[in-house]
Amino acid sequence: MYITDDIIYAGVNDHQVDLFEGQYRVPNGMAYNSYVIKDEKIAVMDTVDGKFTHEWLDNVEKALAGRKPDYLVVQHMEPDHSANIQNFMKAYPEAVIVANAKTFCMVGNFFRSMDLEGRTLEVKNGDSLSLGKHVLNFVFAPMVHWPEVMVTYDSTDKVLFSADGFGKFGALDVEEDWDDEARRYYIGIVGKYGAQVQNLLKAASALYIQTICPLHGPVLKENLGHYLEKYHTWSSYGVEDDGVVIAYTSVYGNTKKAAETLAAKLTEKGCPKVVLCDLARMDMSKAVENAFRYGKLVLATTTYNADIFPFMREFIDHLTERGFKKRTVGLMENGSWAPMAAKIMKGMLEGSKDITWLNTTVKITSSLSEDNLKEIDAMAEELCREYIARSDEKANKHDMTALFKIGYGLYVVTSNDGTRDNGLIVNTVSQLTDNPFRVAVNINKANYSHHVIKKTGILNVNCLSVEAPFEVFQNFGFQSGRNVDKFESWETCRSDNDLVFLPKYINAFMSLKVEQYVDLDTHGMFICTVTEARVMSDKETMTYTYYQKNVKPKPETDGKKGFVCKICGYIYEGDTLPDDYICPLCKHGAADFEPIG
């Protein structure tokens, strides 16, 4: 395996293991990766599992080609990566271990008889180590997923040695999809530590990375944006794919029948993906992975010993242990007498944040009744509402309750200049009349969208819901559509006026046709008739206050003197903020800045 001229792979494949970490099925084995960096001085990056001592030492010796290593860099002390530290130091007694203080504490606990006096180099966060032309930069990544973890950046070859980050199940001599097994690995092993992974991604964003060398799985060289985007979605607990997961347990088949009936109804109504998980038979880690992958989850189980069926309890425990949040959840319960499964399941998830509960709960007493079939149909309708709203064939395009979503909220206004789609954030949309339905939209004349809409006379107003992440505001609010294609990497749908609307992060959208224009000096007011309106969900509209408190990242002002933008968090350092200052990120003026502290 070629990495770079100076970086050589020295890892091993493990086809003996059936359960990784004693619980995760790995039918295609595992890879334990190790690397050798050859320069004036030589560094070996991590060791491998204890079952492969001689194979790994042979690989290292081959890579060294007669030379001796100067350093063993220990990034992570889990035994599948550290088991051969003592064997390495016996083979190369002049080598020095490079690690941080927490790692050396663990080294002492794992290898109590090993004498390392004079053979250690302790590094701190941000330290660097020169090998010659290669410089290794150490970045601490605590709780990704152990407290001592650090990653290493080779600034010469632009390689990130990412420890367990970006790893996956599976040996390297087996071809398989990266996303599926990397997702299952991430959710199972790292999933609890989303905030810590976000911190690591933030640190990595400041580095120019051409190659990622993880401790498990393949070396990543191409399309790195794909892998980074996946890790951002997983670590922020975002919805990766549209669809509904139905996780069920069934004793005599009646709850299974209810789950299958719901699945058929969802497919009939246009749900893009339906995943049925029989928790008693399916690989539990795969079921858990599915729950985090898709945006909606239905839990269906029986009341069992005045509790819930054991596999369902285990499943929910796995979810809550990993920070399950930002999902829509529905409940189906079955009980021949005193059913209480729905109450217990909901109680187990009460600590999970940002859970939207379906209005419909299916309550089965032994077997499906006619009322249950109606409940299942109502549940399917709730789950599919936004999918139906996206469909040209099935959507109610004249649902004027969409106007009820208008308030003191935040909106993405979309348009098209004849060559490409455009969008911007606005906060001034209001309903004027209801016969006919008229809406007014105020747009700053400095925005490119003002120019486009004045020329074309049509626009779409997307009502942002509280689900919208900060990336929506960065993309549509902090750059100009004249200079960039804001929809280049965004999934879109189109309304009857052929303009785009957002398929997610909104609760409604309206297509508008300009009737009248009012010049308001710095702004222009477009008075419009509503030509199409669709309701996507019942989620609350994103208000400016909600954005400020819950979405906008808190600016890092410690030790800084100056002014901070209340819109985007940009910091202007200086004693005085010019009256005519314009924020370089969000383009708001000095009035939207406040003094630090």
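Not measured: the values here are computed from a predicted model.

Cut-off values and rules
- Residues numbered from 1 in each chain as written.
- Predicted model: local features only at pLDDT ≥ 70, side-chain atom pairs only at ≥ 80, totals over all residues.
- Heavy atoms only, no water.
- Helix = DSSP H or I, 4+ residues; strand = E, 2+ residues; numbered from the N terminus.
- Rg over C-alpha atoms; globule rule 2.2 N^0.38 Å.
- Buried < 20%, exposed > 50% of the residue type's maximum accessible area, 1.4 Å probe, protein only.
- Contact = heavy atoms within 4.5 Å.
- Areas by Shrake-Rupley, 256 points an atom, 1.4 Å probe, with all protein chains shown as cover.
- Lys, Arg positive; Asp, Glu negative; His and termini not counted.
- Salt bridge = Lys/Arg side-chain N within 4 Å of Asp/Glu carboxyl O.
- Polar contact = N/O pair within 3.5 Å; in protein donor to acceptor, adjacent residues only side chain to side chain.
- Pairing = 2+ DSSP bridges.
- Axes fitted to C-alpha atoms, helices over the stretch in contact; angles between N-to-C directions.
- Patch = residues over 30% accessible without salt bridge, like charges linked within 9 Å, V, L, I, M, F, W, Y side chains within 5 Å.
- Core = buried A, V, L, I, M, F, W, Y, C linked by side-chain atoms within 4.5 Å.
- Arc of directions from axis to C-beta.
- Phe/Tyr/Trp six-rings, centres within 6.5 Å; stacked < 30°, edge-to-face > 60°.
- Lys NZ or Arg CZ within 6 Å of the ring centre and 35° of its normal.

*Asks:* Looking at this model, I keep getting lost on the overall build of the chain. Mind explaining?
*Replies:* Helix and strand counts for the chain come out as 15 helices and 33 strands. A globule of 597 residues ought to have a C-alpha radius of gyration of about 25 Å, and the chain, at 28 Å, matches this closely. Overall size of the chain, expressed as C-alpha extent along the three principal axes, is 85 × 75 × 45 Å. The buried share of the chain, taken over its 597 residues, is 54%. For the chain, the share of sequence-separated contacts (at least 6 apart) that also reach a separation of at least 24 residues comes to 68%. As displayed, the chain has an accessible area near 26400 Å², and 48% of this comes from carbon and sulfur atoms.

*Asks:* I tried to follow the side chain of Glu 148 on my own but got confused; where do I start?
*Replies:* Tracing the chain through its elements places Glu 148 in the loop between strand E12 (135-140) and strand E13 (150-154). Of the side chains bearing the opposite charge, Lys 102 lies closest to the buried Glu 148, which forms no salt bridge; the N-O distance is 8.1 Å. In terms of polar contacts, Glu 148 uses its side chain to reach the side chain of His 76, at 2.7 Å. Once you skip the residues sitting within four places of it in the chain, Glu 148 turns out to touch Gln 75, His 76, Met 77, Glu 78, Asn 100, Lys 102, Thr 103 and Met 106.

*Asks:* Explanation requested: the sheet that holds strand E32 (residues 571-573) in the structure shown.
*Replies:* Hydrogen bonding along the main chain pairs the strands of a sheet, whether they run parallel or antiparallel. Taken in spatial order, the three strands of this open sheet run E32-E31-E33, and their pairing is antiparallel. Looking along the sheet, the strands with just one partner apiece sit at the ends: E32 and strand E33 (593-595). Strand-to-strand twist in this sheet, taken as the mean axis angle between neighbours without regard to direction, amounts to 25°. The sheet contact formed by strand E31 (residues 562-565) and E32 spans three bridges and is antiparallel.

*Asks:* I tried to follow a nonpolar patch on the surface on my own but got confused; where do I start?
*Replies:* Together, Val 251, Tyr 252 and Tyr 304 line one region of the surface with nonpolar side chains, adding up to about 360 Å² of accessible area. Tracing the backbone shows Tyr 304 in strand E18 (residues 294-304).

*Asks:* In this structure, what is going on with the pattern of salt bridges? I would like to understand it.
*Replies:* Should the charged atoms of two oppositely charged side chains come close, the side chains can pair. Evaluated as defined, the whole model comprises 34 salt bridges. Of the charged contacts, one joins Glu 176 and Lys 168 as a salt bridge, the two residues approaching to 2.7 Å between their closest N and O atoms. For Glu 176, a relative accessible area of 26% corresponds to the partly exposed category. Judged by relative accessible area, Lys 168 falls into the buried class, the value being 3%. Residues Lys 397 and Asp 496 are paired through a salt bridge, measuring 2.8 Å at the closest nitrogen-oxygen approach. Remark: Asp 496 occurs in the loop between strand E27 (493-494) and strand E28 (500-501) and Lys 397 occurs in the loop between helix H12 (370-390) and strand E22 (411-416); sequence separation between them is 99 residues. Its relative accessible area of 54% is what places Asp 496 among the exposed residues. One network of salt bridges, with partners in common, ties together Asp 179, Asp 180, Arg 183, Lys 230, Glu 240, Asp 241, Lys 286, Glu 289 and Arg 293.

*Asks:* What's the story with the nonpolar core in this structure? I'm lost.
*Replies:* One broad trend across soluble globular proteins is that nonpolar side chains are buried collectively. Core analysis: the largest hydrophobic core is formed by 91 residues, its most contacted members being Ile 85, Leu 299 and Phe 315. A total of seven residues in this core trace back to one element, the largest contributor, which is helix H5 (residues 178-190). The residues contacting Leu 299, other than those within four sequence positions of it, are Ala 247, Met 312, Phe 315, Ile 316, Val 329, Gly 330, Leu 331, Met 332, Met 345 and Leu 349. Ranked by size, the runner-up nonpolar core spans 32 residues in total, among them Leu 410, Phe 473, Ile 506 and Phe 563.

*Asks:* Where do I start with the sheet that holds strand E30 (residues 523-535) in this structure?
*Replies:* Ordered in space as E23-E22-E26-E29-E30-E25-E24, the seven strands form an open sheet in which the pairing is antiparallel. Each having just a single partner strand, strand E23 (421-426) and strand E24 (429-434) make up the two edges of the open sheet. Taken over all neighbouring pairs, the strand axes of this sheet differ in orientation by 35° on average, direction set aside. Relative to E30, strand E29 (residues 506-520) runs antiparallel, the two being bridged by twelve bridges. Across the sheet, residue Tyr 517 finds its bridge partner in E30, namely Phe 526.

*Asks:* Help me understand the environment of Asn 28 in this model?
*Replies:* Relative to the elements of secondary structure, Asn 28 occurs in the loop between strand E4 (24-25) and strand E5 (30-32). The spacing of Asn 28 and Gly 170 is 142 residues in sequence and 4.9 Å in space, taken between C-alpha atoms. Contact partners of Asn 28, with chain neighbours within four places excluded, come to His 15, Gly 170, Ala 171, Val 174 and Glu 176.

*Asks:* How should I be thinking about helix H4 (residues 101-110) in this particular structure?
*Replies:* Two residues of an α-helix separated by three or four positions point the same way, owing to the 3.6 residues in each turn. Taken residue by residue, H4 has Thr 103, Phe 104, Met 106 and Val 107 as its buried positions. Buried residues of H4, viewed axially, fall in a sector of 160°; they line one side. Buried-residue contacts for H4 involve helix H3 (85-91), strand E9 (96-99) and strand E10 (120-122). A distance of 3.1 Å separates the backbone nitrogen of Lys 102 from a side-chain oxygen at the start of H4, and that oxygen is part of Asn 100.

*Asks:* It is not clear to me how the packing of aromatic side chains should be interpreted in this structure. Could you clarify?
*Replies:* For any pair of aromatic rings, geometry is given as the distance between the ring centres together with the angle between the planes. One pass over the full model with this rule turns up 25 aromatic pairs. With 5.5 Å between their ring centres and 50° between their planes, Tyr 231 and Trp 234 make a pair best called tilted. Of the two residues, Tyr 231 and Trp 234 are both situated in helix H7 (residues 224-235); the distance of three residues between them amounts to about one turn of the helix. Like Trp 234, Tyr 231 is buried. In textbook terms, an aromatic cluster arises when at least three aromatic residues are bridged by ring pairs, as seen for Phe 166, Trp 178, Tyr 186, Tyr 227, Tyr 231 and Trp 234. Positioned above the aromatic ring of Tyr 237 is the side chain of Lys 325, whose terminal nitrogen or guanidinium carbon lies 4.7 Å from the ring centre.

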